[in-house]
2 protein chains.
Amino acid sequence: MTTDTGVHLFCCHDGKGDAAETLDTTTLGHKGAQLIRMRRLGLPVPPGFVLDAQVCARIAAEASLPEDVRASILAALEVLQEETGQGFGDGRQPLLVALRAGLPRPMPGLLPTVLNIGLSPEIIEQAVKHGQDAAFLWDCYRRFLRDFGVHAGGMAFEDFEHLLEDHKESLGLVDDTMLEAGHWQEIAQRHAAFIHEEAALEIPAEPLEQLFSMLVAMMRAWDSPSMRRARTVHQLPDGWRPAIVVQAMVFGNRNERSGAGVIISRDPLTGRKPPSGEWLGQAQGEDIVAGLRTPWPISEDERRLSGLDVPSLETALPQAHAALLETADVLERHFRRVQNIEFCIDDGQLWLLQTFDARLGTEAALQAAVDMVREGIKSRRQAICDIDPQRLEKLLHPVLERSGGASRLLARGLGASPGAASGEVVTDAEEAMRLAAAGRSVILVRPETTPEDIPAMHQVRGVLTARGGMTSHAAVIARGLGIPCVAGVGTMEIEAGAGRLRIGKAEVRANEWITIDGASGEVFRGRMPTRQPQLPESFHTLLQWADELRRIAVRANADTPRDAEAALAFGAEGIGLCRSEHMFFGSERLELLQELILAESDAQRQRVLAQLVQTHGEDFLQLFAVMAGKPVCVRLLDPPVHEFLPRSAVELEPLAGKLGTTVEHLQARVDSLREYNPMLGHRGVRLIITLPGLLQMQVRAMLQAMHTLALRRQAPSRLEIMVPFIMSASEMARMRQQILDIAQTLQNELGQLPPFHIGCMIELPSACLKADEIARHADFLSFGTNDLTQTVLGLSRDDSGRFLHAYLREGLLEDDPFVTLERQSVLPFIGMATERGRTGNEAVEIGACGEQAGEPRSIRLLAAAGLDYISCSPFRLPIARLAAAQATACENEDQAIDSDME
Amino acid sequence: MTTDTGVHLFCCHDGKGDAAETLDTTTLGHKGAQLIRMRRLGLPVPPGFVLDAQVCARIAAEASLPEDVRASILAALEVLQEETGQGFGDGRQPLLVALRAGLPRPMPGLLPTVLNIGLSPEIIEQAVKHGQDAAFLWDCYRRFLRDFGVHAGGMAFEDFEHLLEDHKESLGLVDDTMLEAGHWQEIAQRHAAFIHEEAALEIPAEPLEQLFSMLVAMMRAWDSPSMRRARTVHQLPDGWRPAIVVQAMVFGNRNERSGAGVIISRDPLTGRKPPSGEWLGQAQGEDIVAGLRTPWPISEDERRLSGLDVPSLETALPQAHAALLETADVLERHFRRVQNIEFCIDDGQLWLLQTFDARLGTEAALQAAVDMVREGIKSRRQAICDIDPQRLEKLLHPVLERSGGASRLLARGLGASPGAASGEVVTDAEEAMRLAAAGRSVILVRPETTPEDIPAMHQVRGVLTARGGMTSHAAVIARGLGIPCVAGVGTMEIEAGAGRLRIGKAEVRANEWITIDGASGEVFRGRMPTRQPQLPESFHTLLQWADELRRIAVRANADTPRDAEAALAFGAEGIGLCRSEHMFFGSERLELLQELILAESDAQRQRVLAQLVQTHGEDFLQLFAVMAGKPVCVRLLDPPVHEFLPRSAVELEPLAGKLGTTVEHLQARVDSLREYNPMLGHRGVRLIITLPGLLQMQVRAMLQAMHTLALRRQAPSRLEIMVPFIMSASEMARMRQQILDIAQTLQNELGQLPPFHIGCMIELPSACLKADEIARHADFLSFGTNDLTQTVLGLSRDDSGRFLHAYLREGLLEDDPFVTLERQSVLPFIGMATERGRTGNEAVEIGACGEQAGEPRSIRLLAAAGLDYISCSPFRLPIARLAAAQATACENEDQAIDSDME
């Protein structure tokens, strides 16, 4: 079926080939491969041949048809003539062909299609003499002329349509079917004249000339500036080249027993059977695609529902309709995905022109997947592998009820974290915390957020920023917290002092209500109702199947009982990261922590610690009770000291009073604790080693809570105490011993304590290198992928925004390494540490709990590296569960997943 | 010679053993091992035995003498009695013994010595009856009583001396030799009564009891609080335990043909022959050690020089003197180091009591080493291995002429960077730069320095800080720059606004002159003359030998022609790091750079770049000319952008004018360039990739300079262009291509350019991991050990001061990793990158240029890792050359070097 010049036939000689054979879409284009495949399935496909990507590249390079290609095409045309019984350029039974360019994946509407090649006034004249329909032929010819003008002459499609409309108007006619042969001939002549005038082009009289010149024109268009722009916009890989399908025409516009349309093998809105679609009688497919006429429903049910007074295919052409339904079923069963099928009916005969995987809404895609499993069309594994985990996200966040409220769109930014929320505009982080603590709904509005805004971000409903993109600090943190964020509203200016906003010409006062939609990026004035989407049954079914398949456990990052409840609802198997510092974000506790850090004497410190152990213990008690029986991994206090410290005189004054010192002295101490590179500074285990009493306070609070639950005969959670920022095995050995000593002392006071585990975070290259020695003192290791990325690449997340765009643009990084785990260097460090960790301690449990642990591609990488679990924000759990199953079940289906992406 | 109870005899039975045999000083103590060795060399050593560390540990544990030890001691005493012909406790010929505790290394004065054990009033009475000298025996006894009171009773040595002096005064006598037996007996009785009264202790009457109780008392003292403190102060390893030598007494106080003293086998001030020493007639060694009497010179030459009217040993006891000189020669030839020998002459007979390596001043040590090589006593290799490279430092910096000037000591801080300097007090870094640029001498005075002070530190004469220690920012940077620094003057307060200092009660006005001594840590008011030490011929000789031995090349970090000249003078083989950003520290050029970074348009940027390429090129021209023929490695602009930016409104105003914008706008831009973690921020190659035109400007400036030199037929240096902060191979490939493209364009303009190399710094864990791929695009790799330490350990140098002391104190880090290369993690990364780099490119040259590359232990590690060269500050070059030779020549001599350290 393939000549050695890259011309691939699909017609009589090919018969029913092996439909299961893998076809190379890179060479044949997706369209060409699908036509060959449908032909092999025995489905009615007009005969034709594919000029593959290599041949097309040669045509593009030479800007003409090489001699051998020309010969191959002629030979292929011979075969087409044989099957159709028609002749190319033959006036008795003229063969008409269509050219359709295709890429390795379906890109509807991106590449040109040229129909009806093979006519000329002379050929039409002859054909009419041989009894063929003149009106039909002249209509076909004027369509060819239009496409020729557009693709060879660079003219506007609309101009030709205007010509047609003007002519119909001058005739007082509306419907195309009412035009007669003479009218069509006249219109064709006007088209030809228009092309002469506007583009100074000769219309090739010879069909072969038409074919060859259109092939060259199509390839020239591929390298045109506008197509180059489009290629960039669609992010097409550099290596992609089009292949071109040359195919015998069939005619939906032939007569009243003809038509063209599209059918989707299930309802795209619900994902359920029966198929749904549109058609038009006496039309070619382009009439639907170009939106020139309003299409008609396919089934009578659909028609009734629509209330339209138009013929359904079911009633108009019942035989063709039945054949179409059967075909849709065959194709869906073959491809095991919902199919989007382009068809044509020529004088009652059904022909298929294309099929590809239908793009369904997320809910519909889930429903279809589950139904198809139940119908035995696909396996659970396939159903799981076919869903892009990212798509689940939009089901998990509130959406705007756009009907309600008298709101006005203020601006459009980037939808940087999904969900919708309303709240008062507050431009100061501390004010935001204060109001939120008082129960008010707050939208934090900042030029851009910084690490110092994190405590406030934990309390507000949503975040709006003037600068930054999808990977800005605000976006990353908001996504982790599951709150909506609109970023990069460039027209917004913040008058910090007054707390006012100026957005374009509008002004928004401090504490005025606004509503943001973090999916669309819209910002509205006023309060709009939102709705929490109902999670469909199919969502739960699919995730349950995913849970059965996956080998890597999925836990949540959760700091409060509320977080923990959300985590359990979304299927968390435990808490993989409870950031104990977040327990200090309430203002009262923050003050205690500030006192601890700034204490002037040991007595002061002891007093504060005694208070802290109490409140801290109560927090843990609630959290452990919620997570009954499941692991809870508590990270000891981690971030840089100065993040906890007071910043304004207002805060300093009461603190100075409590500590019996002056504001000036306190200010000096706070200043002296500021750091040049806080990420590499006085944090994690370093804080524990230098701040007396801190470790004891935290460990006692946790173990007392565990003990209390045991006394109450409640199932305690499986406590894991995690030491952050471990640099060496000696640190870890020291920490383990100190924690065990504290536990022993407590046990002497209280009696037997429930068992617990001790482990650490792996966030430093030195810890990766020494993972074997560290693991000897650890029951578990957990990768902090954010910090590890920062240290391995020497890249500060909060500062990388200044140059990361250049790195991504120039291909120096594949992705933002703080969104997707970096494969070249960070991943190997994780691999090294995992291997060494297990060497040092066979039983060590290994997880990951950074930002990237909730991102599907990163999850696949982490699972492949051999981790036991990942832990992510509760709102990422469904995504993570699905991605984790894919990591196990879809090893070789990268493409399948990508091709399903919207 | 050794009983299985850990008692090691050295006497008749041991004869002349194998003097070359290695003796375990950990078991025997240094003192014990040296006595055994001297005995084996056939030298006159009073017989005795060693209770080794294990036995002593048992005595300490049981707080009494175990039965088997007691038996072994009795047996050993038998042997002593046999050799001496005396009897322990025997009134006819009483054997007296001395106890001397020793540790694995000589620690003079740290541990107790008890002499003259074996007498009692009864024994003396008997002995006098048998014709022995009563005065001598009573003197010995009162000495024993004093030591007993001090070591068993915890009494004060001085109180006993006062008793003696009071008694002599009451008798009207001055000199001990004038006291008669009755006097001495009376003094002894007073001593005994004093011990009764003060310590309520019985004096053991039995010599064996005396011996046993003193042994137990000595071991108890080892674990006393004061000794524990002393052990901490001297940083004695935890595992060290004393061994005790029990040795027959010989008596320098016996008669006028007796004496005791110390001889050093070469003059300790010059390192030259002949030996030099001190003695006292009719005295025991303690009389010299305790400083009770002024000692006399040994040689007649020394006596004449001293002008003292006292007898030299040479004239007083010529035979003993001759024997002593011969002995000193034997010991020096045996140990191959200058020896410090303790001797005693008993009735004309020379006895040796101890020998150890003498501690000489640096110049003397060099002279002695060189002389001993020339005399054939030691090899060049040994001479090199015996010198601690750090000691060379004090020869390289100016020292104070303390005689001159009417200066007054203001304060004492830590001598944090050697050298002395005078200058005006300036407390503001920018003011310091301004004055220094105007040719004024400035001492920068700051609470502590920060990275923002670095430009100023390049210009001033010295630095004085109120806070921070030896590894503070100020100390590290000052040492790198070779300027003096006094750190941690806790009594100093800086009134920043007024520029005044308050040091204790003194006040120093702004711009008043002060003088600092970075070796002693002293701060003086006023200007004091300094002197550049004359480098002795031996210094050059030794370094020349070192250069012949070493395999690793030594280059300098130098940014200016002046630096380069200093580097050549100190033996640099090239420049391993020219930080091109330091070329911008002059205020005029800094402005240009600021304009470049903040340019509002491409036209502005181009104008600035054109100016910069000119000035930058002139800098390079001078530098390359100085370094003719030698490699010069220029690092492209590296540090964070904001370090270069204006900070005050005063600076912003003119810049805003030049750029045609407002101060407010400019301030906002400067603010937006500030970073949270600048070390991991927008720097190095990231700056090059995002700042258009920068790379071209720098590369053109370098290559034009090379071309100009070639035109002048001057030998150009071997240019190496180094890209900083490389993260991945794709960055390096991009940089190489861009540099080659720029060079090609320039070559098209100017004609043939001299060849040059392209390479990069390895400062990131990811770069270590990918060193093989990076090396494929690099001619050389150079480790930036500072940044690598920061990223591998997640440790910011500028912030680590807050917790590093705790890490060092608790043994969680061996050393400050920014002073000495960290071995556990950072070194393995260097090893990995070196190995991978050579795998990727066999010919790649590998060096290191961080702070640690000038530190001897780090140099040994880097050499062992297989590096081709190291590069350090010019003032560290001699140290580095010596350390590099040791890395090659002294593989197994770690101990030898340490034991030579002061």
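Throughout what follows, the structure given in this document is the object of discussion. (Residues numbered from 1 in each chain as written. Chains lettered and ligands numbered in written order. Predicted model: local features only at pLDDT ≥ 70, side-chain atom pairs only at ≥ 80, totals over all residues. Heavy atoms only, no water.)

Here's the deal with the sheet that holds strand β16 (residues 462-465) of chain A
Residues and elements named next belong to chain A.
Item 1. On the basis of which strands lie adjacent, the open sheet formed by 8 strands has the order β12-β22-β21-β14-β15-β16-β17-β13 and mixed pairing. Because the sheet does not close on itself, it has two edges, and the strands there are β12 (408-412) and β13 (414-417). Strand-to-strand twist in this sheet, taken as the mean axis angle between neighbours without regard to direction, amounts to 35°.
Item 2. Relative to strand β22 (residues 522-525), β12 is paired through 4 bridges, and the arrangement is antiparallel. Bridged to R412 within β22 is E522. (Pairing = 2+ DSSP bridges. Helix = DSSP H or I, 4+ residues; strand = E, 2+ residues; numbered from the N terminus. Axes fitted to C-alpha atoms, helices over the stretch in contact; angles between N-to-C directions.)

Side note on the interface of chain A and chain B
Item 1. In this complex, chain A contributes 49 residues to the contact, which on the side of chain B involves 49 residues.
Item 2. Buried area between chain A and chain B, summed over both chains or domains, comes out near 4,500 Å², and the portion from carbon and sulfur atoms is 59%.
Item 3. When the area that chain A buries against chain B is broken down by residue, the three leading residues are Y676(A), L680(A) and R802(A), summing to 16%.
Item 4. At the junction of chain A and chain B, the tally comes to 4 salt bridges.
Item 5. Here E810(A) makes a salt bridge to R734(B), at a shortest N to O gap of 2.3 Å.
Item 6. In this structure, the connection of chain A to chain B is made through 22 residue pairs in polar contact (both at pLDDT 80 or more).
Item 7. Residue assignment for the side of chain A that touches chain B shows that the elements contributing at least two residues are α25 (685-690), α27 (729-750), α28 (765-769), α30 (785-793), α31 (801-809) and α32 (826-840) of chain A.
Item 8. Grouping the amino acids of the side of chain A that touches chain B by side-chain chemistry returns 24 nonpolar, 15 polar and 10 charged. (Contact = heavy atoms within 4.5 Å. Buried area = accessible area lost by both parts, 1.4 Å probe. Salt bridge = Lys/Arg side-chain N within 4 Å of Asp/Glu carboxyl O. Polar contact = N/O pair within 3.5 Å; in protein donor to acceptor, adjacent residues only side chain to side chain. Nonpolar A, V, L, I, M, F, W, Y, C, P; charged D, E, K, R; others polar.)

Re the relation of the copies chain A and chain B
Item 1. Each copy of the sequence occupies a distinct position, and chain A is placed on chain B by a rotation of 179° and an axial shift of 0.1 Å, giving an RMSD of 0.3 Å. When the rotation and shift are considered jointly, the pair of chain copies conforms to a two-fold rotation axis.
Item 2. A share of 100% of interface residues in chain A that are also interface residues in chain B marks the association as one of identical surfaces. (Least-squares fit on C-alpha atoms with pLDDT ≥ 70 in both.)

So, the pairing of strand β24 (residues 553-557) of chain A
All names here are of chain A.
Item 1. By the criterion of burial, β24 is predominantly enclosed, with 4 of the 5 residues buried.
Item 2. Bridging between β24 and strand β31 (residues 869-872) involves 4 bridges; their strand directions are parallel. Counted as the bridge partner of R555 is S871 from β31.
Item 3. Where β24 lies against strand β25 (residues 575-579), 2 bridges are found, and the strand directions are parallel. In the sheet register, A556 faces β25, and the bridge partner there is I575. (Buried < 20%, exposed > 50% of the residue type's maximum accessible area, 1.4 Å probe, protein only.)

Quick look at the side chain of Q604(B)
Residues and elements named next belong to chain B.
Item 1. Within the secondary structure, Q604 is located in helix α22 (residues 602-626).
Item 2. Reaching out from Q604, the side chain makes a polar contact with the backbone oxygen of L659 at a distance of 2.9 Å.
Item 3. Sequence-distant contacts of Q604, defined by excluding residues within four places in its chain, comprise A599, K658, L659 and G660.

What to know about the packing of α22(B) against helix α26 (residues 694-711) of chain B
Residue and element names in this part refer to chain B.
Item 1. Interhelical geometry of α22 versus α26 gives an angle of 45° and a closest axis separation of 8 Å. Our classification of the angle between α22 and α26 gives oblique. Classified by chirality, the crossing of α26 by α22 is right-handed. In this structure, α22 contributes L609, L612, V613, H616, G617, F620, L621, F624 and A625 to the contact, and α26 contributes L694, M697, Q698, R700, A701, M702, A705, M706, T708 and L709.
Item 2. The class makeup of the residues in the contact of α22 with α26 is 14 nonpolar, 4 polar and 1 charged. (Parallel < 35°, antiparallel > 145°, perpendicular 65-115°, else oblique. Left-handed = near helix turned anticlockwise from the far one by under 90°.)

Let's talk about the packing of aromatic side chains
Residues and elements named next belong to chain B.
Item 1. In total, this model carries 19 aromatic pairs over all chains according to the counting rule given.
Item 2. Here the aromatic rings of F160 and F194 are separated by 5.3 Å at their centres, their planes lie at 75°, and the arrangement is edge-to-face. With F160 in helix α6 (residues 157-171) and F194 in helix α7 (residues 181-199), the pair connects residues that are 34 residues apart, well separated along the chain. Here the two residues F160 and F194 agree in accessibility, since each one is buried. (Phe/Tyr/Trp six-rings, centres within 6.5 Å; stacked < 30°, edge-to-face > 60°.)

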